[in-house]
Amino acid sequence: LFTSVQLAPKDPIFGLTEAYVADQRADKVNLGVGVYTTDEGKIPLLQAVMQAEETLVAKHAPRGYVPIEGPNPFNLAVQQLLFGADSDLIKEGRVVTAEGIGGTGALRIGADFIKRLNLNAPAAISNPTWENHRGIFESAGFEVIEYTYFDGNTRGVDFAGMVKSLESFPANTTVVLHACCHNPTGADITEAQWVQVIEICKAKKLIPFLDMAYQGFADGIEQDGAAVRLFAKSGMSFFVSSSFSKSFSLYGERVGALSIITESKEESTRVMSQLKRVIRTNYSNPPTHGAAITAAVLNSPELRKLWEDELAQMRERIKSMREALVTKLAAAGTKQDFSFINEQRGMFSYSGLSPEQVERLQKEDGIYALSTGRICVAALNTKNIDKVATAIARILA
Ligand code: LMR
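As annotated in an unreviewed UniProt entry, the protein carries the name Aminotransferase and comes from Polynucleobacter meluiroseus. The UniProt entry for the protein carries the following text under Sequence similarities (unreviewed entry): "Belongs to the class-I pyridoxal-phosphate-dependent aminotransferase family." If you open the UniProt record of the protein and go to Subunit (unreviewed entry), you find "Homodimer."

1. Let's talk about the overall build of the protein
Looking only at helices and strands, the protein has 16 helices and 13 strands in total. A compact globule built from 397 residues should have a C-alpha radius of gyration of about 21 Å, and the protein, at 21 Å, falls within 12% of that. By residue count, 45% of the 397 residues in the protein fall in the buried class. Contacts spanning at least 24 positions in sequence make up 75% of the contacts within the protein whose residues lie at least 6 apart.

2. Description of the environment of lysine 246
By the element assignment, lysine 246 lies in the loop between strand E9 (238–243) and strand E10 (255–261). Spatially, the C-alpha atom of lysine 246 lies 16 Å from that of leucine 107, the residues being 139 residues apart in sequence. Each residue touching lysine 246, except ones within four places of it in the same chain, is listed here: Gly34, Tyr36, Ala213, Tyr214, Phe217 and Met347.

3. A short note on the sheet that holds strand E2 (residues 95–101)
Spatial ordering of the open sheet is given by E2-E10-E9-E8-E7-E3-E4, a layout of 7 strands whose pairing is mixed. A strand with exactly one partner marks an edge of an open sheet, and here the two such strands are E2 and strand E4 (144–148). Each adjacent strand pair in this sheet contributes to an overall mean axis angle of 25°, direction not counted. On top of the sheet, helix H10 (residues 226–234) reaches strand E8 (207–212), E9 and E10; it is set at about 155° to E8, its chief contact.

4. Quick look at the UniProt feature "domain: Aminotransferase class I/classII large" (unreviewed entry) in the protein
Per the UniProt record, "domain: Aminotransferase class I/classII large" (unreviewed entry) is found at residues 27–392. Structurally, residues 27–392 is divided into 46% helix and 15% strand, and its ends, taken at the C-alpha atoms, are 15 Å apart.

5. Considering the packing of helix H2 (residues 47–59) against helix H12 (residues 289–298)
Contact geometry for H2 and H12: axes closest at 9 Å, N-to-C directions at 110°. Here H2 is positioned roughly perpendicular relative to H12, judged by the angle of their axes. When the axes of H2 and H12 are compared, the crossing they make is right-handed. Residues Ala48, Val49, Ala52, Glu53, Thr55 and Leu56 of H2 pack against Ala292, Ile293, Ala296 and Val297 of H12. Looking at the contact of H2 with H12 residue by residue, the classes come out as 8 nonpolar, 1 polar and 1 charged.

6. Structural notes on the nonpolar core
Most often, soluble globular proteins keep nonpolar side chains buried together rather than apart. Membership of the largest hydrophobic core comes to 113 residues, with the highest contact counts inside it found for Val175, Leu210, Val228, Val297, Met347, Ala369 and Val377. For this core, the element with the most residues is helix H13 (residues 301–331), which contributes 8 residues. If you count residues domain by domain, this core takes at least three from each of domain 1 (14–45 + 304–396) and domain 2 (65–299). Ignoring sequence-local partners within four residues, the contact set of valine 228 consists of Leu82, Phe83, Ala179, Leu210, Met212 and Val240.

7. Re the domain arrangement of the protein
Examined at the domain level, the protein breaks down into domain 1 (14–45 + 304–396) and domain 2 (65–299). The interface is formed by 22 residues belonging to domain 1 together with 21 residues belonging to domain 2. Of all elements in the fold, only H13 and strand E11 (348–350) reach the threshold of two or more residues within the side of domain 1 that touches domain 2. Take the side of domain 1 that touches domain 2: its biggest share by element is 5 residues, from H13. Residue composition of the side of domain 1 that touches domain 2, grouped by class: 12 nonpolar, 5 polar and 5 charged.

8. A word on helix H5 (residues 102–115)
With 14 residues, H5 should cover 20 Å at 1.5 Å per step; its first-to-last C-alpha distance of 20 Å lies within 8% of that length. Burial within H5 is extensive, with 12 of its 14 residues counted as buried. Burial in H5 covers these residues: Gly102, Gly103, Thr104, Gly105, Ala106, Leu107, Arg108, Ile109, Gly110, Ala111, Phe113 and Ile114.

9. A short note on unusual backbone geometry
In this chain, asparagine 127 is followed by proline 128 through a cis amide linkage whose omega measures 0°. A cis amide bond, omega 20°, links asparagine 183 with the succeeding residue proline 184. Residue position: proline 184 is located in the loop between strand E7 (174–178) and helix H8 (191–203). Phi is positive for arginine 155, close to 60°, though the residue is something other than glycine. On the secondary structure map, arginine 155 appears in the loop between strand E5 (150–151) and strand E6 (156–157). For lysine 205, which is not a glycine, the phi torsion comes out positive at approximately 55°. Note on placement: lysine 205 falls in the loop between H8 and E8. Under the C-beta neighbour-count criterion, lysine 205 is labelled partly exposed, with 13 such atoms within 10 Å.

Rules behind the numbers
Along each chain, the written sequence defines residue order, and numbers are assigned to residues from 1. Per-residue local features of the predicted model are confined to residues with pLDDT of at least 70, and side-chain atom pairs are confined, for both listing and counting, to 80 or more; whole-chain, interface and lining totals are unaffected and use all residues. UniProt positions are given in the numbering used here, feature names are shortened, and annotations may be inferred rather than shown by experiment. Elements are defined by DSSP. Helices are runs of H or I of four residues or more, strands are runs of E of two residues or more, and each kind is numbered from the N terminus. Here the globule rule is a power law, 2.2 Å times the number of residues to the power 0.38, and the radius of gyration is based on C-alpha atoms. Burial is judged by counting the other C-beta atoms within 10 Å of a residue's own C-beta: 20 or more makes it buried, 12 or fewer makes it exposed, and any count in between marks it as partly exposed, with every C-beta position built from the backbone. Our contact criterion uses C-beta atoms placed from the backbone: two residues qualify when those atoms are within 7 Å. A pair of strands is treated as paired once DSSP finds two or more bridges between them. Only C-alpha atoms enter the line fits that serve as axes; for helices the fit covers just the stretch in contact. Angles between N-to-C directions range over 0 to 180 degrees. Relative orientations are named as follows: roughly parallel for angles under 35 degrees, roughly antiparallel for angles over 145 degrees, roughly perpendicular for angles from 65 to 115 degrees, and oblique for any other angle. Crossings are classed by handedness, with left-handed meaning an anticlockwise turn of the near helix from the far one by less than a right angle and right-handed meaning a clockwise turn. Under the scheme applied, nonpolar residues are Ala, Val, Leu, Ile, Met, Phe, Trp, Tyr, Cys and Pro; charged residues are Asp, Glu, Lys and Arg; polar residues are all the others, including Gly. Each nonpolar core consists of buried Ala, Val, Leu, Ile, Met, Phe, Trp, Tyr and Cys residues. Their C-beta atoms, within 7 Å, join them into a set. As used throughout, domain bounds are those supplied by an automatic or database domain assignment. Expected helix span is computed as 1.5 Å times (number of residues minus one).

Here it is in structure tokens:
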């Protein structure tokens, strides 16, 4: 039966974690996967999460099924986080939200839903993008094409190229956009550029699908929602996948959500009915725990304040690690100007290291990064940063 089964390549992100775990060196450093760790190198359990969880556990509540689309308090909290508590879209019943199994699961149910519309159009992802975007949309049956995004020379967005790509796409192309903290480059477009992107999506009848995995990691919860709010004002129908893996440090709980913005309440009812069929035939209904914690935090003013403070601390620590890396790389004698690392937003730095240089870091120093040169700045700390800066400087010399 399985004689013709080919050995698949390892996942570029989690496959690297497997290699890291197997590495016996005590001072190894994992800058591969996008996971925030504290200065002690630990994945934090946020105070807000801990308090919400303690209250939940004390209730010893039975574990019945939740609705196919997930619990209402969670879905409403997600909508308010994305669009604001007094959003007209929410009041008008134009937002359909369903819990997803993490941001990936949310993207997948969104992709499956769009595929069922039989639009016969491709999905477009940025070049470069998060490694899993292509796989998710291909697995859902899409032809996946790319739009120009990053300019390696300026280390910024090639916006003219992006516009040209978007304008060339056939109607109904699903365009996967990074709402903030572009993964892997950390290069985001400006608000004025978002306005232009929205105009093109409207004029060319493209389907925007915003991936929001890092809300709060660039400038703040509200500020990082700017692109989503601009789309909300546009009157267009669009999709948003939310992930709470990073912002709540709840990676393994797989907490995410898909929101679909429709034209009317009546349309929302029909859209939700079909989305529920997608979910029911995939995994029936979502798990209880992670979404219950997230909803408890978002729906309590005290816990929400605590969470926002903790998220701000994570954001600030990442920024301080960016600054320290730039300073230490210069001090270690690199000739290249690395100040661009301070301009990049979110968890990652697109370092410009070549696949060969990344391989040497892994072999010679036990420092793991993606072969694209993406390094997770959120995994740097005061104990490992000297080693990382010295190793990079040596390899570049
Ligand atoms: C990453 O980009 O490293 C994270 O989003 C983890 C993942 O699911 O790939």
